[in-house]
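Chain residues, written in single-letter form:
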Amino acid sequence: MSSQNSLDVVLKGQPLEVDIAAIEEQLRELWKGAAQEDIHDEESTRPVARTSVLNLVVYLEDPSSEQRITEAISELTMENPCRAIVVTALQGQGVSSIEAWISAHCHRPSPTSKVMCCEQVSLRACGTSVRELAPTVVPLLISDLPVFVWWKGSRLFESEFLEGISDVCDRLILDSKSFDSPEVDFPRLEEYIQTRSDRLAVSDVAWHRLKQWRELTAQFFDAPVLRAHLNHIEKVTVEFNERAVQRSGVPPQAFLLVGWLASRLHWEIIGTETQDATRRFHLRARDGGRPITAEICPADARPELSGHLVSFEIATGEDWATAFRIAKGGNPNCAQTEIAFAHLPPYRRVIPLRIYNEVELIARQLEVFGHDRIYEDAIAMASALVKTSRST
Amino acid sequence: MTSTMPLTNPLREGLLAERSAEPCIVVIFGASGDLAKRKLIPALFSLAEQQLLPSAFAIVGISRRNMTHEEFCQSQREFIEEERLKTPVWKSFEEGMSYISADFSDPSGYKRLADELTRIDRDRGTLNNRLYYLSTPPGAYSEIIRQLGAARMVAGKGSKNWTRIVIEKPFGRDFDSAHALNEEVNGVFSEDQVYRIDHYLGKETVQNIIVFRFANGIFEPIWNRRYVDHVQITVAETLGVEHRAAYYETSGATRDMVQNHMLQVMNLVAMEPPAALDADALRDEKTKVLRAIRPVSVEEALKYSVRAQYNRGFVAGREVPAYRQEENVNPESLTETYCAFKFFVDNWRWAGVPFYLRSGKRLAKRVSEVAIQFKGVPHLLFGQTANDHLEPNMLVLKIQPDEGITLRFGAKLPGQSMHIRWVNMDFRYGTSFGVKTPEAYERLLHDCLRGDATLFARRDSVEAAWKVIMPYLTSWQESKEKNLAQYEAGAQGPAEADALIAADKRKWRRL
């Protein structure tokens, strides 16, 4: 294929198969050619510019998701220009080999501006060559730019690839919502974070989904006069939607939400009870020894419920006289917050509850650098909760 | 309930807004006006959509116009998209709105307002916190402030609840009127309750000046008289006075743009690093810059400034009339539609470095930017081999449009000979962060609800800015038609402005 044809193919988003040893050289040639013409507007003489603010490595184990991920990267590059490296590991499948393709994602930010392009390198390894993926990826990273690894595979904690790249990885993006067993996976995640804290930070997409619940909970106590209630919490209840949880048991987000509140308020775990699908944790405020109950239970089955979490309620004072509640109703895009004092009509308001798509969630993770101590504390507490629950 | 109350909300830690808004009522004076429905209500609703409003919140509109509650709500829907109005969030937001029709000078109107606020506190849990927003013509400010004081509707020091007041520009039309207004304001509100809003400071790119300077170690060592030749700050518009002729006739370019927006931007460029990013530390440093601007006598003012009016011309291929021929403009108007200044900041950092400011209407291009021109190289190494003129390095902070930062430097043109070409290294918000930046009013209202006055003008800085400008305004007033230059609409500006900077062997950046 002539260099002109190659350029046309790549800049129009089609993959061009390349020799692994010549990836960088091919990319250099590509951008040299692209700087001389504008692929999106034949009449225009404005050249194409390449831009990157980070490296994004995506790890897959299923080749059927490559196309979807490529489309997601195309969207992500509009907000987060990057060099994307999509790695598909087909362990135990086919003859050992690694194939490579390059492609580009091009956008024109405004009608008068240059076309901005980002490059994608796709690697697919079969058989024992999967082991060579990490050493193949590392030299392809752009020096001096942060490296984000978006984990879309299984066996995260045993991954040879992740271990091989962890020295150069700044941030690992995972989704604890997909954990098969929170009882096993939260303690392993806690250990993973602790043992690698000097090398990389962890971003959890599920943590971002919980952000709106955390924000609304925090808002209840922004007024100093209401903040005093934090010292008198008697009971916390998280209701989840049993029908939305694929497997049986409690959704990981419920543990994470309780873990967050308990870690922020310095509660200690005393014990736990399990009754059908309900988990009841007995906790204690570290300073005064006041007992607190945290209950995670399925909500009454209602056809209109969506998502994993249904409501979050904090009851304070004797006999739970005051209640702060966030609840989802029929509209999946909204929630109602309520503050109910004894003998008074409750204050209510409806607020939007945004449902993020995958690209939006990942885009937010790419804006964060460094460790999120609040998340790490919440994971440690969620891990302690599930460990207690496992041991009873 | 006995308790040891945490000083800060421990659940806030790690969330985007570390400090959030407490329950409150926003009272908009002049709620039937354009600003309320074009800017304030859309900004507040946008905050509601982003979950940035407090857990208990209400809006009370007050103005002279007789309107029912439903008519008021209907009028506030005008600048919000149909789709967003259909959501339960708008319904809940609107349930928190109410309206009172009252004359601002009538004490009974304030009694009704106080009763309404008490009712809302009881029904919605807004905890007796108030944010008064003066969205009225400036002539009504004094009366409203006096009446609020007389009706005891302002929380005093030591109170458990808070009261804040937002005042829109103009803050006076000269030093004396600004000082008098401030005296009246501070007679009722303490300075920490006063938020003088300058929407220019709510722009992302203006705030980025602080980040650019103080989050990057490489610029600070060269940000001074040893390396900077001069600074140009430009706010150029292609628009004329449009429907604002009545206001503009009493204001002019200097009062409209320079005394507030441009001097604020200049402060951010020239100030020393503040000790902390809190309201007073930042505003202290900004005010010090204003105080360090070299004062000029009324006589000297003409030497360091230019004022002009646009004549008929062509803007974007369309013929436009001269300023004096615009609707509602006095045919003998002396109001300047263009002004240019040369300021010196007399301190150790900037001694001898001129700051050139220019602003005008009906110019060739819409541009707002700060350009920092660095000194040339001390020895011309390429003089013998290069035919090129060695341009100085230039750093341009673009405020709008094409928000971003450009650094200009010389690079060798490929080939056998030593030719130098000047190239730009560009950072563009639009390409590096493809996200929509929030409206300035959204940011500023949110700050105000949270009690963060960092981006609002403090009394001393407003008065110091008037002191800088007054000699120019006085000398222009005294010289009447004399020295009022002319420029063709659609041009780069008047020739006199070119002469002002050319006298120092410098030139304006092309728009």
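Reading the values: rules and limits
Residues numbered from 1 in each chain as written. Chains lettered and ligands numbered in written order. Predicted model: local features only at pLDDT ≥ 70, side-chain atom pairs only at ≥ 80, totals over all residues. Heavy atoms only, no water. Contact = heavy atoms within 4.5 Å. Buried area = accessible area lost by both parts, 1.4 Å probe. Salt bridge = Lys/Arg side-chain N within 4 Å of Asp/Glu carboxyl O. Helix = DSSP H or I, 4+ residues; strand = E, 2+ residues; numbered from the N terminus. Nonpolar A, V, L, I, M, F, W, Y, C, P; charged D, E, K, R; others polar. Domains from an automatic or database assignment. Axes fitted to C-alpha atoms, helices over the stretch in contact; angles between N-to-C directions. Parallel < 35°, antiparallel > 145°, perpendicular 65-115°, else oblique. Left-handed = near helix turned anticlockwise from the far one by under 90°. Expected span 1.5 Å × (residues − 1). Bend = angle between axes of the 7 residues up to and from the residue. Buried < 20%, exposed > 50% of the residue type's maximum accessible area, 1.4 Å probe, protein only. Polar contact = N/O pair within 3.5 Å; in protein donor to acceptor, adjacent residues only side chain to side chain. Pairing = 2+ DSSP bridges. pLDDT = per-residue confidence, 0-100. Core = buried A, V, L, I, M, F, W, Y, C linked by side-chain atoms within 4.5 Å. Disulfide = S-S within 2.5 Å.

Regarding the interface of chain A and chain B
Facing 42 residues of chain A, the contacting portion of chain B comprises 42 residues. The contact between chain A and chain B buries some 3,500 Å² in all, and 58% of this surface belongs to carbon and sulfur atoms. The largest share of the area that chain A buries against chain B comes from Asp222, Arg227 and Tyr347 of chain A, three residues that together contribute 16% of it. Joining chain A to chain B, the criterion identifies four salt bridges. For Arg12 of chain B, the salt bridge identified is with Asp222 of chain A, shortest N-O distance 2.9 Å. For the side of chain A that touches chain B, the elements supplying multiple residues, two or more each, are helix H3 (66-79), helix H8 (211-220), helix H9 (224-227), helix H10 (252-264), strand S16 (334-340), strand S17 (347-352) and helix H12 (373-391) of chain A. In terms of residues, the side of chain A that touches chain B owes the most to one element, H8 of chain A, which gives nine residues. For the side of chain A that touches chain B, a count of residues per class yields 25 nonpolar, seven polar and ten charged.

Here's the deal with the domain arrangement of chain A
For chain A, the domain assignment lists domain 1 (3-169) and domain 2 (209-358 + 378-391). Here the C-alpha centroids of domain 1 of chain A and domain 2 of chain A sit 41 Å apart.

Thoughts on the packing of helix H1 (residues 34-49) of chain B against helix H4 (residues 88-95) of chain B
Residue and element names in this part refer to chain B. At a minimum axis separation of 10 Å, H1 and H4 run at an interaxial angle of 120 degrees. Judged by the inter-axis angle, H1 sits oblique to H4. Of the two elements, H1 crosses H4, and the hand of that crossing is right-handed. Here Ile41, Leu44, Phe45 and Ala48 of H1 come into contact with H4, specifically with Val89, Trp90 and Phe93.

Notes on helix H14 (residues 459-479) of chain B
Residues and elements named next belong to chain B. The terminal C-alpha atoms of H14, which comprises 21 residues, lie 30 Å apart, in line with the 30 Å expected from a rise of 1.5 Å per residue. The sharpest bend along H14 measures roughly 40 degrees and falls at Ile469, with the proline Pro471 sitting one to four residues further on. Most of H14 sits inside the fold, with 15 of its 21 residues counted as buried. Positive phi appears at Lys480, one or two residues downstream of H14, with a value of about 45 degrees.

So, the side chain of Gln309 of chain B
Residue and element names in this part refer to chain B. Position of Gln309 among the secondary structure elements: in strand S8 (residues 305-311). Exposure remark for Gln309: the relative accessible area of 1% places this residue in the buried category. Within the structure, Gln309 has its side chain in polar contact with the side chain of Arg324 (distance 2.9 Å). Ignoring anything within four residues of it in the chain, the contact list for Gln309 reads Tyr323, Arg324, Ser333, Leu334, Thr335, Thr337, Leu484, Ala485, Gln486 and Tyr487.

Some words on the environment of Cys126 of chain A
All names here are of chain A. Position of Cys126 among the secondary structure elements: in strand S6 (residues 115-126). Among the residues examined, Cys126 registers a relative accessible area of 13% and is labelled buried. Sequence-wise, Cys126 and Val95 are 31 residues apart; in three dimensions their C-alpha atoms are separated by 6.2 Å. The residues touching Cys126, leaving out its near neighbours within four places in the chain, are Leu90, Gln93, Gly94, Val95, Ser96 and Ser97.

Some details on unusual backbone geometry
Residues and elements named next belong to chain B. Cis peptide bonds are those with omega within 30 degrees of zero, and the linkage from Lys169 to Pro170 qualifies with 5 degrees. Structurally, the position occupied by Pro170 is in the loop between strand S5 (163-168) and helix H7 (175-188). Residue Pro401 is reached from Gln400 by a cis peptide bond, and omega for that bond is -15 degrees. We note that Leu127 has phi near 60 degrees; this positive angle belongs to a residue other than glycine. For Leu127, a relative accessible area of 30% translates into the label partly exposed.

A closer look at the sheet that holds strand S14 (residues 309-316) of chain A
Consider a sheet: its strands pair through backbone hydrogen bonds, and that pairing is either parallel or antiparallel. All names here are of chain A. Strand order in the open sheet formed by eight strands is S11-S12-S13-S10-S14-S15-S16-S17, with mixed pairing between adjacent strands. Pairing within the sheet leaves two strands with one partner each, and these edge strands are strand S11 (267-275) and S17. Taken over all neighbouring pairs, the strand axes of this sheet differ in orientation by 15 degrees on average, direction set aside. Where H8 meets the sheet, its contacts fall on S14, strand S15 (322-328), S16 and S17, and the angle it forms with S15 comes to roughly 155 degrees.

Side note on the confidence of the model for chain B
In this model, chain B carries an average pLDDT of 90, and 95% of its residues clear a pLDDT of 70 or more. What the predictor reports for the complex is a pTM of 0.79 with an ipTM of 0.85.

What about the nonpolar core?
Phe29, Leu44, Phe93, Leu263, Phe343, Phe355 and Leu449 of chain B are the most contacted members of the largest nonpolar core, which totals 153 residues. Among the elements that line this core, the one with the most residues is helix H9 (residues 245-270) of chain B, at twelve residues. In this view, Phe29 of chain B contacts Ile62, Phe104, Tyr110, Leu113, Tyr132, Tyr133, Leu134, Ser135, Thr136, Ile144 and Leu148 of chain B; residues no more than four positions away in its chain are not counted. In terms of nonpolar packing, the next biggest core, distinct from the first, is built from 101 residues, Ala134, Leu200, Val238 and Ile351 of chain A among them.

Structural notes on the state of the cysteines
Residue and element names in this part refer to chain A. A complete count under the given rule lists one disulfide over all chains for this structure. Two residues share a disulfide in this structure: Cys106 and Cys117, whose sulfurs sit 2.1 Å from each other. Its torsion about the S-S bond being 110 degrees, the disulfide of Cys106 and Cys117 is classed as right-handed. Placement of Cys106 in strand S5 (residues 97-107) and of Cys117 in strand S6 is noted, with a sequence separation of eleven residues between them. The closest cysteine sulfur to the non-disulfide-bonded Cys118 is located on Cys82, 5.6 Å from its own sulfur. The exposure class assigned to Cys118 is buried, which follows from its relative accessible area of 2%.

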